[in-house]
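# Coordinate inspection notes
Residue strings, one per chain:
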Amino acid sequence: MAARTGGGGSLQVKVVLLGEGCVGKTSIVLRYVQNQFNDKHIQTLQASFLQKNLTINRRRLCLNIWDTAGQERYHALGPIYYRDSHAAIVVYDITDEDSFTKAKNWVRELRKMLGDSCVLVIVGNKSDLEKNKVIQEKDAQEYAASVGAKHFYTSAKQNKGIEEMFLDLSKRLLEKEGNNSNPSSTNPSSTRRPGGITVTDDSIRTDRPSGGGGGGGGGCCG
Ligand SMILES: Nc1nc2c(ncn2[C@@H]2O[C@H](COP(=O)(O)OP(=O)(O)OP(=O)(O)O)[C@@H](O)[C@H]2O)c(=O)[nH]1
Ligand SMILES: [Mg+2]
């Protein structure tokens, strides 16, 4: 689905996070949007919604991010959140073989339901636990390439790889949409990134979806 340009010339895009429970989907988004990290696993119920506004090379982008629940009992809700998505981030835990299998299942489902229309990213999270890694980088990279996805390592805990992953995804979304959105005025808080890209973190908003998103109690990780 083509992204639409909202008020203020900002390109509105929908991004969904999918993956098994406890792999760190919520942690990745909370680190990216609020620069927070929680050691406890607070299971997401259904899904949570967060927004992040960026300006990349004077082009405005609003990421509307749906962080879905990984528990199996919510699997059937997946299409509600990935439908019409412009990008999907499929997350696995580098220390958990099953979570990689589950990530592959999500990719298969996405490709079947959405075709090649959405930008696909596969993320190996918890890169700080390198010593416990069970999914080898070569396998992960080869798999990602075989399904037309990019692969990134992240650590929400140590704040590694997350900005880079969202930046790459955002640039690909902008490229896909062409060069026709309105340039915004230069913002003094802009930061220069490698590769000559200027990125501005415009504003932050977080919300819960109506009808019961947000975190619940309990956890699988102790
Ligand atoms: N060591 C380490 N732990 C992490 C990292 N990211 C998340 N965690 C931990 O992993 C657990 C699960 O994180 P969540 O972000 O709640 O996982 P989730 O994928 O959103 O889980 P569901 O909402 O149940 O689908 C928590 O205890 C986090 O603190 C990371 O990069 N490194
Ligand atoms: Mg969660």
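Residues numbered from 1 in each chain as written. Chains lettered and ligands numbered in written order. Predicted model: local features only at pLDDT ≥ 70, side-chain atom pairs only at ≥ 80, totals over all residues.

Worth spelling out the cut-off: UniProt positions are given in the numbering used here, feature names are shortened, and annotations may be inferred rather than shown by experiment.
The chain goes by Ras-related protein Rab-21 in an unreviewed UniProt entry, where it is assigned to Amphimedon queenslandica. According to the UniProt record, the Subcellular location (unreviewed entry) comment for the chain is "Endomembrane system".

### Quick look at the overall build of the chain
Filter applied, for reference: A helix here means a DSSP run of H or I that spans at least four residues, while a strand means a run of E at least two residues long, and both kinds are numbered starting from the N terminus. Every C-beta atom is placed from the backbone, and the number of other C-beta atoms within 10 Å of a residue's own sets its class: buried at 20 or more, exposed at 12 or fewer, partly exposed in between. Think of it this way: build a C-beta for each residue from its backbone, and any pair within 7 Å is a contact.
Within the chain, the regular secondary structure consists of five helices and nine strands. Counting helices and strands in the order they occur from the N terminus, the chain gives β-β-α-β-β-α-β-α-β-α-β-α-β-β. Counting only residues that meet the buried cut, the chain has 36% of its 222 residues in that class. When contacts within the chain are restricted to residue pairs at least 6 apart in sequence, those whose partners lie at least 24 apart make up 76%.

### Some details on the site of ligand 1
Short version of the rule: Any residue qualifies as near a molecule or strand once its backbone-derived C-beta atom lies within 6 Å of it.
With respect to spatial proximity, 26 residues lie near ligand 1, and among them Gly24, Thr26, Ser27, Thr44 and Gly70 are the closest. Per-element accounting of the shell around ligand 1 gives the leading share, three residues, to helix H1 (residues 25-34).

### Things to note about unusual backbone geometry
Positive phi, normally seen in glycine, also occurs at Cys22, with a value near 80°. Of the residues examined, Cys22 has 19 C-beta atoms within 10 Å and is grouped as partly exposed. Notably, Gln46 is not glycine yet its phi reads approximately 65°, a positive angle. Its location among the elements puts Gln46 in the loop between H1 and strand E3 (47-56).

### Details of the nonpolar core
What counts here: By convention in this section, buried Ala, Val, Leu, Ile, Met, Phe, Trp, Tyr and Cys residues joined through C-beta atoms within 7 Å make up a nonpolar core.
Within the largest apolar cluster, 49 residues are counted, with the highest numbers of intra-cluster contacts made by Ala87, Ala88, Ile89, Val90, Val91 and Val121. Discounting residues that sit within four places of it in the chain, Ala87 has contacts with Val13, Val15, Cys118, Val119, Val121, Leu169 and Leu173.

### Structural notes on helix H3 (residues 97-114)
An α-helix turns once per 3.6 residues; consequently, residues spaced three or four apart project the same way. Using the following cut-off: Expected helix span is given by 1.5 Å per residue-to-residue step, counting one fewer step than there are residues. Arc, as used here, means the arc of the directions from the helix axis to the C-beta atoms.
End to end, H3 covers 26 Å across 18 residues, agreeing with the expected 26 Å (1.5 Å per residue, within 8%). Burial in H3 covers these residues: Ser99, Phe100, Lys102, Ala103, Trp106, Val107 and Leu110. Buried positions in H3, seen along its axis, are confined to an arc of 160° and lie on one side of it. In this structure, H3 carries Glu97, Asp98, Thr101, Arg108 and Lys112 as exposed residues pointing more than 90 degrees from its buried face. Contacts from the buried residues of H3 go to strand E2 (11-19), helix H2 (78-82), strand E5 (87-93) and strand E6 (119-125). Two residues or fewer after H3 comes Gly115, characterised by a positive phi angle close to 65°.

### Let's talk about the environment of Asn105
Structurally, Asn105 can be placed in helix H3. Since 14 C-beta atoms lie within 10 Å of it, Asn105 is described here as partly exposed. For the pair Asn105 and Gly19, spaced 86 residues apart in the sequence, the C-alpha separation amounts to 9.2 Å.

### Observations concerning the pairing of E2
We apply this condition: We call two strands paired when DSSP finds no fewer than two bridges between them.
Extensive coverage of E2 is indicated by the burial of eight of its nine residues. Bridge analysis of strand E1 (residues 4-5) against E2 gives two bridges, and the strand direction is antiparallel. Each bridged residue has a counterpart across the sheet, and for Thr5 the counterpart in E2 is Leu11. Direction of pairing for E2 relative to strand E4 (residues 59-68): parallel, over a ladder of seven bridges. Looking across to E4, one finds that Leu17 is bridged to Asp67. Where E2 meets E5, five bridges bridge the pair, whose relative direction is parallel.

### Here's the deal with the pairing of E6
The cut-off we apply is this: Here, the term right-handed applies to a crossover whose path from the first strand over the helix to the second runs clockwise when the strands point away from the viewer.
With seven of seven residues buried, E6 lies mostly within the body of the structure. Here E6 shows no split at all, with Val119, Val121, Val123 and Asn125 on one side and Leu120, Ile122 and Gly124 on the other all buried. Sheet topology note: the E5/E6 ladder contains seven bridges and is parallel. Note that in E6 the partner of Asp93 across the bridge is Asn125. The parallel pair E5 and E6, bridged by H3, forms a crossover whose chirality is right-handed.

### Overview of the confidence of the model for the chain
To keep things clear, this is the line we draw: Values of pLDDT, ranging from 0 to 100, describe the predictor's confidence in every residue of the model.
On average, the chain scores 85 in pLDDT, and the residues at 70 or more come to 78%. Low pLDDT, under 50, characterises residues 179-197; the stretch is placed with 23 contacts to residues that sit more than four places away or in other chains.

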